[in-house]
Amino acid sequence: MKMGTALIYDEEMTKYKLLWVDPVCKIEVPERLIVSYEALVKSGLADRCVSIPVREATDAEILLAHSEEYLEAVKKTPFMHLEELMTFTQKYGDVYFHPNIYHCAKLAVGATLQLVDNVMTGKVRNGMALVRPPGHHSQSSAANGFCVFNNVAIAAQYAKKHHKAKRVLIVDWDVHHGQGVQYCFEDDPSVLYFSWHRYEHQSFWPNLKESDFDSVGSGKGAGFNVNVPWNKVGMGNSDYLAVFFHVLLPVAYEFSPDLVFICAGFDSAIGDPEGHMSATPDIFAHLTHLLMNLADGKVCAVLEGGYNLTSLAQSVCQTVQTLLGDPAPRPAQLGGASAPFPEEPSSKNRRPAQQGGSQGPEGDAGGDAQREEEKVEEKEEEEIVWPEPLRRVAPSLRSALLLPDAVECPDGCARFTCVRACSPLNATVLLRSPSPPQGCGDTAGVMQAVLGLLLPLGYQYEPGLVLLARLPGYQVEGGLWQQLTCLLQGLALGHTLVLLQVIGITASCLLGNAALSLGPLVAPGPEDVGSFERLRLRLQTDWPLLQTTGTFRD
Ligand code: X5A
Ligand code: ZN
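So, a few notes on the structure that sits alongside this text.

Basis of the calculations
- Throughout this description, residue numbers start from 1 for each chain and increase along the sequence as written.
- Both sets of labels track the order of writing: A upward for chains, 1 upward for ligands.
- Reporting of local features is limited, given that this is a predicted model, to residues whose pLDDT is at least 70; pairs of side-chain atoms are given and counted only at 80 or more, and all residues count toward the totals for whole chains, interfaces and linings.
- The side-chain figures draw on all heavy atoms in the structure; neither hydrogens nor water molecules are used.
- Note that water is not among the atoms considered, so a metal site may appear incomplete; the donors listed are N, O and S atoms within 2.8 Å of the metal, with 3.2 Å applied to Na, K and Ca.
- Secondary structure elements follow DSSP: runs of H or I no shorter than four residues count as helices, runs of E no shorter than two count as strands, and numbering proceeds from the N terminus.
- Burial classification: accessible surface area is computed with a 1.4 Å probe over protein chains only, and a residue below 20% of its type maximum counts as buried, one above 50% as exposed, and the rest as partly exposed.
- Here, a salt bridge means any side-chain nitrogen of Lys or Arg that lies within 4 Å of a carboxyl oxygen of Asp or Glu.
- Proximity is defined per residue: if any heavy atom of the residue lies within 4 Å of a molecule or strand, that residue is considered near it.
- Nitrogen and oxygen atoms within 3.5 Å of one another constitute a polar contact, given that in protein one can donate a hydrogen and the other can accept it, and given that sequence-neighbouring residues count only through two side-chain atoms.
- To measure how exposed things are, a 1.4 Å probe is used in the Shrake-Rupley method; for residues, cover is taken only from the protein chains shown.
- Note on residue categories: nonpolar means Ala, Val, Leu, Ile, Met, Phe, Trp, Tyr, Cys or Pro, charged means Asp, Glu, Lys or Arg, and polar means any other residue, Gly included.
- Axis geometry follows a simple rule: fit a line to the C-alpha atoms, using only the stretch in contact for helices, then measure angles between N-to-C directions, giving values from 0 to 180 degrees.
- By the definition adopted for this analysis, an angle is roughly parallel if under 35 degrees, roughly antiparallel if over 145, roughly perpendicular if from 65 to 115, and oblique otherwise.
- Contacts between residues were defined by any pair of non-hydrogen atoms, one from each residue, lying within 4.5 Å.

Our next topic: the coordination of the zinc ion (ligand 2). With distances of 2.0 to 2.6 Å, the protein atoms coordinating the zinc ion (ligand 2) are D174 (OD), D174 (OD), H176 (ND1) and D267 (OD). Sequence positions of the donors to the zinc ion (ligand 2) reduce to the motif D-x1-H-x90-D. Taken as a pair, D174 in the loop between β4 (168-172) and α8 (179-185) and D267 in the loop between β7 (259-264) and α10 (283-291) lie far apart in primary sequence, 93 residues in all. No difference in accessibility class separates D174 from D267, as the two residues are buried.

Glancing now at the pattern of salt bridges. The full count for this structure, using the stated rule, is 13 salt bridges. For D188, the salt bridge identified is with K160, shortest N-O distance 2.7 Å. Placement of the pair is D188 in the loop between α8 and β5 (191-198) and K160 in helix α7 (residues 151-163), with a sequence separation of 28 residues. Under the relative-accessibility criterion, D188 is labelled buried at 14%. Exposure remark for K160: the relative accessible area of 24% places this residue in the partly exposed category. A cluster of three or more residues bridged by salt bridges with shared partners is formed by E28, R32 and R132.

Looking now at the site of ligand 1. Close contacts around ligand 1 come from 14 residues, with D94, G145, H176, D267 and Y307 the closest. The contact in question runs from a nitrogen atom of ligand 1 to an N or O atom on the side chain of D94, over 2.8 Å. Contact distances for ligand 1 include 3.2 Å between an oxygen atom and a side-chain N or O atom of H176. Bound to the protein, ligand 1 loses 97% of the 310 Å² it would expose on its own. Taken together, the residues of the shell around ligand 1 sort by class into five nonpolar, five polar and four charged.

Moving on: the packing of helix α14 (residues 443-461) against helix α17 (residues 526-539). At their nearest, the axes of α14 and α17 sit 10 Å apart, and the two run at 10° to each other. As the angle between them shows, α14 and α17 are arranged roughly parallel. Listed contacts from α17 to G445, Q448, A449, G452, L453 and L457 of α14 are D528, V529, F532, L535, R536 and L539. Tallied by class, the residues present in the contact of α14 with α17 amount to seven nonpolar, three polar and two charged.

Structural data, given as structure tokens:
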């Protein structure tokens, strides 16, 4: 099996823009895609990806998530004049049309489907589609929130239909609620939709009651919709990680998807004029890493929002570099939530000046008062600075093994007599002779402890080295061991030292392959749950990332 990372992009999707004055829509600019792609090229990441051409989605594919009436209506937009486009636009919320947007929307869906095809057939391990228009707000019969067709919702249906995916996980880390995705899979237990979003007790767009935490799905789909509404702005790296450790990942591992989509909106990153959050671009390396051992590594990231061009480009690079398998950077800013940055801000991250301004016929929409307001807002945004993410290096040597003479070296590993001389990313020391395998029982209970205790502790502690020992008498089951080995490589820049008696399944994880899926998990036993919870309660005062219900900041 070939194991690369797909990158799907076409310049054509930069070829539409807002043609009139609309303060709500002016942030959705072609430059979003241009700067994202250029950053990938400049950093050398684009070259390391398998580049796959886009295609137009067919009518039948679009109809997987949209009504015929709506598709027929959108089909007419390429022939509309400015006035007609403006009138058509007014039927929907916070969106604009352009004579070329229908073409781009078909390419955005098609790009996403190309990604699914390549991931599901094993031509690549994972990948990212850089698309415009975004998708997660669009609904069966409505454009909404800059979205025309629901790229990810269509792709999830397509994966079920054409690739026999039984369970699909959609992780929406965009700062807005992807209500279009929620509506599409409301009563469908085969698609688990997770979204966190700025909410502020329904005062933030799209101002929906159904974006709250109590919308969990309906009928057979009850329990398969997970909303995490943020009731204040300024959420930071530790808030995002805590939600992953304590909410998303336990649910995702229990669900055991065959395929993972990321609605990869980066308006949840610092500096974004919509999100007003504080999480830094490097957090996306960790969020990506934490999803990469689900579904045997089949992760499809699809661009949604992201309106600060600097923060957007940096975040896209962090995501793609992690998909490529490079070790994640040291997780930073985990002290407490929403704290101001202690570091000297770098001036490199000043938000670029607003591009061009609005084009086309300038009716006096808004007047002076509004313009003044915009000026104030822009000024506030400009002052937000953050340290540029450190350059991440791909290790020249990933895995070194210290083996007893009689043991054969596994495929893909190089045998070295002296570890010190070659400074590998990680190392394995094989001890004595193999012992017979022994299970330690409850997979679900161990996973709960790994996600809910071990990872939060590890992230907060920030070790310089992870030492893993798989010793006789205390053997965890193989799949679990792989998950543990893979997940812990998010720490200490991936520096891992493993002590083993059998090399078998571990080498693959150290070489950067995904851990095998554990299959759907059942509930852990009440004793495990009890002791887990007692331990968590004892530790949480010293380790903020362990805080969950009751003590979690509201
Ligand atoms: C894809 C996305 C945001 C729409 C905001 C409208 N849409 N106020 O981020
Ligand atoms: Zn968004």
